[in-house]
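Chain by chain, the residues run as shown.
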Amino acid sequence: MVNYVYFVPTNRLLGENVRSFCEEARHAMDTYQIALSFVVTDDCTEKDNRNYVQKLAEEYVELPFYYFDRQRTTELLKQVFQEFSPDIRKRLNCLLPKREINYGNTLNREFILAILLNSRYMMRRDSDVHIVNENGQNLYPIDMEVSYLGKEHKGRTNYIIGSGYRGKWGIDIDDIVVNNDFTLFKALMQCMNIPADFLDTIIEDEFIKTSRYDGDNVNYQSAAYPQCGNIGYYNLFRAIPCSPAADIIATDYFLLETAYETGLNVGYHTRTVLHKHTKERTEYKRNIMEYWERVAMWVGMELVYKSFVKKMQPVDYELESTEQCKKYNRYIQSYFKGTNIKNAELSSIRKERYADFIDVILKFKKPVYREVAENLRREENRIHEAVTQSFDMHLDLLEIWPDFVDGLDALKDRSHIRKILEGAIL
């Protein structure tokens, strides 16, 4: 029986929408006769979600529930890291939970848990998304994920199957797109050297088409990226990790970008989820300032990564065996190592686009964005250097990832690791 892991990561108090995730998971187990572990990874700093998840576990007794708060995650990772050499352990320490916003590491830790739970298949739903019900039918994305993930399309394996959002987009664009005017959105995206004509396709696929459901369909290598809160992965995470850098948005999209460019099948299906932003991003001026610093770092990071990711060529092999995963990892590494991100030309482009980004922000209507722009001007050098360091951090983790995955495979049945995993069962 194929073993799946269904992740719900959260840095906020969970709501009743999680109940619909339980329904989705139970539906998949009953419909497809699959083994599935339901895993909540809790990074909430206000108050933990243990009691709420415990109640769900008592209600959905057929679902194996795992609950990993920051303490248990740290305990597990430290036990795992002890099995590696000092050099590898030093590089792995960046994965430990900290009081920071870290999208890439949230996903990296889920990859680790999926491997330790003996699964090559994982799905995730962010805690601020909601299952859509249309004409009395729950549009469970898991139907599409189980049906297509790891299967073949035109003779190639599907490594990512996911979809987008209705409601709010992945980043907060409430002050950018007003009355369906995407002018400022396009200007923002062009700061990352995305061609204007391609942006029209992105808008059509990610905003317009997702507002309605016209039946099940999967579009491969679509202009629309599956969102990381509505996505499933097969095996790809055994080959490469996301960036472990903190305080940069969208670091969890690295596997998507590399899969697209290297010709690995990425399917975008039509079962969207409803995405609702929570108030913490805009509750205080400080939150707004910090959020747009993270966006600024994303812009810089995308310029760095696009300088080599877009040069990648499709691979002519699959990622089924350990050796194939290692071969893919070496291939991705070769582009990292062949890129000098401190060269004058790229630095000049980054500086120019940073100025363009601030100019776009100054066109937003709310007065607070004048202060956001001023803050970004003050912080330019720090943000530029943070992006440069994030590249080095990612390469460090990428280099040791194959040996790390080998170690996880060897450790997953060891008694002391099983004890921690079993201790997370509710």
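Fair warning: this is a prediction, and the values are worked out from it, not measured in the lab.

Right, let's talk about the packing of helix α11 (residues 322-337) against helix α14 (residues 380-411) for a bit. α14 packs onto α11 with a crossing angle of 165 degrees between their chain directions and a minimal axis gap of 10 Å. Viewed along their axes, α11 and α14 adopt a mutual orientation that is roughly antiparallel. Judged by the sense of rotation from one axis to the other, the crossing of α11 with α14 is left-handed. Listed contacts from α14 to T322, K326, N329, I332, Q333, F336 and K337 of α11 are F391, H394, L395, L398, E399, W401, P402 and D406. Classifying every residue of the contact of α11 with α14 by side-chain character gives 7 nonpolar, 4 polar and 4 charged.

Before going further, it helps to examine the pairing of strand β12 (residues 230-234). In summary, the side chains of a regular strand alternate between the two faces of the sheet. Buried residues dominate β12, accounting for 5 of its 5 residues. The side-chain alternation of β12 yields two buried faces, one formed by N230, G232 and Y234 and the other by I231 and Y233. By the bridge criterion, 5 bridges tie strand β4 (residues 121-125) to β12 in an arrangement that is antiparallel. Counterpart to M122 in the pairing with β12 is Y233.

Attention now moves to the sheet that holds strand β14 (residues 273-275). With mixed pairing, the 3 strands of this open sheet are ordered in space as β5-β14-β10. Unpaired on one side and paired on the other, β5 (129-131) and β10 (165-167) mark the two borders of the sheet. Within this sheet the neighbouring strands show an average axis-to-axis angle of 40 degrees, counted without direction. Relative to β14, β5 runs antiparallel, the two being bridged by 3 bridges. Among the inter-strand pairings, V129 is bridged to a residue of β14, identified as H275.

With that settled, consider the packing of aromatic side chains. Summed over all chains, the structure comprises 28 aromatic pairs. With a centroid separation of 5.2 Å and an interplanar angle of 15 degrees, the aromatic rings of Y6 and F38 are classed as stacked. Separated by 32 residues along the polypeptide, Y6 in strand β1 (residues 3-10) and F38 in strand β2 (residues 35-42) bring together distant segments of the chain. The pair formed by Y6 and F38 is uniform in burial state, with each residue classed as buried.

Time to look at the pattern of salt bridges. Enumeration over the complete set of coordinates arrives at 36 salt bridges. Residues R330 and E323 are paired through a salt bridge, measuring 3.1 Å at the closest nitrogen-oxygen approach. By relative accessible area, which is 46% here, R330 ends up partly exposed. Given a relative accessible area of 46%, E323 falls into the partly exposed group. Residue K337 is joined to E399 by a salt bridge in which the shortest nitrogen-to-oxygen separation is 3.3 Å. You can see K337 sitting in helix α11 and its partner E399 sitting in helix α14, a full 62 residues away along the chain.

All right, on to unusual backbone geometry then. One non-glycine residue, Q221, lies in the positive phi region at around 50 degrees. In this structure, Q221 sits in the loop between β11 (218-220) and β12. The phi torsion at D247 lies on the positive side, around 60 degrees, for a residue other than glycine. By the element assignment, D247 lies in the loop between β12 and α9 (254-261).

Now for the pairing of strand β9 (residues 156-162). Among the 7 residues of β9, 6 are classified as buried, and the element is accordingly described as predominantly covered. Alignment of strand β8 (residues 152-153) against β9, held across 2 bridges, turns out to be antiparallel. The residue of β9 that forms the bridge with H153 is R156. Count of turn residues in the β8/β9 antiparallel hairpin: 2 residues, of which K154 carries a positive phi of about 50 degrees. With 4 bridges connecting them, β9 and strand β13 (residues 265-269) associate as parallel partners. Counted as the bridge partner of I161 is G267 from β13. Two strands pair when backbone bridges link them, and β9 and β12 are joined in this way by 3 bridges, in the antiparallel orientation. Within β12, the position partnered with I161 by the bridge is G232.

For P314, the location among the structural elements is in the loop between α10 (285-309) and α11. Classification of P314 by relative accessible area gives exposed; the value is 56%. For the pair P314 and G263, spaced 51 residues apart in sequence, the C-alpha separation works out to 4.5 Å. Ignoring anything within four residues of it in the chain, the contact list for P314 reads E261, T262 and G263.

Turning to the nonpolar core, a few remarks are in order. Counting residues in hydrophobic clusters, the biggest one holds 150 residues, and the most contacted among them are F38, V80, Y233, W292, Y328, F357 and F404. Here this core takes 14 residues from α10, the largest share from any one element.

Moving on: α11. With 16 residues, α11 should reach 22 Å at 1.5 Å per residue; the first-to-last C-alpha distance of 22 Å fits that figure. Residues C325, Y328, N329, I332, Q333, Y335 and F336 constitute the buried set of α11. Down the axis of α11, the smallest arc covering the buried residues is 155 degrees, so these residues share one side. In this fold, the buried residues of α11 make contact with α9, α10 and α14.

Criteria and cut-off values
- Residues numbered from 1 in each chain as written.
- Predicted model: local features only at pLDDT ≥ 70, side-chain atom pairs only at ≥ 80, totals over all residues.
- Heavy atoms only, no water.
- Axes fitted to C-alpha atoms, helices over the stretch in contact; angles between N-to-C directions.
- Helix = DSSP H or I, 4+ residues; strand = E, 2+ residues; numbered from the N terminus.
- Parallel < 35°, antiparallel > 145°, perpendicular 65-115°, else oblique.
- Left-handed = near helix turned anticlockwise from the far one by under 90°.
- Contact = heavy atoms within 4.5 Å.
- Nonpolar A, V, L, I, M, F, W, Y, C, P; charged D, E, K, R; others polar.
- Buried < 20%, exposed > 50% of the residue type's maximum accessible area, 1.4 Å probe, protein only.
- Pairing = 2+ DSSP bridges.
- Phe/Tyr/Trp six-rings, centres within 6.5 Å; stacked < 30°, edge-to-face > 60°.
- Salt bridge = Lys/Arg side-chain N within 4 Å of Asp/Glu carboxyl O.
- Core = buried A, V, L, I, M, F, W, Y, C linked by side-chain atoms within 4.5 Å.
- Expected span 1.5 Å × (residues − 1).
- Arc of directions from axis to C-beta.

Scope: geometric values only; no functional claims are made or implied.
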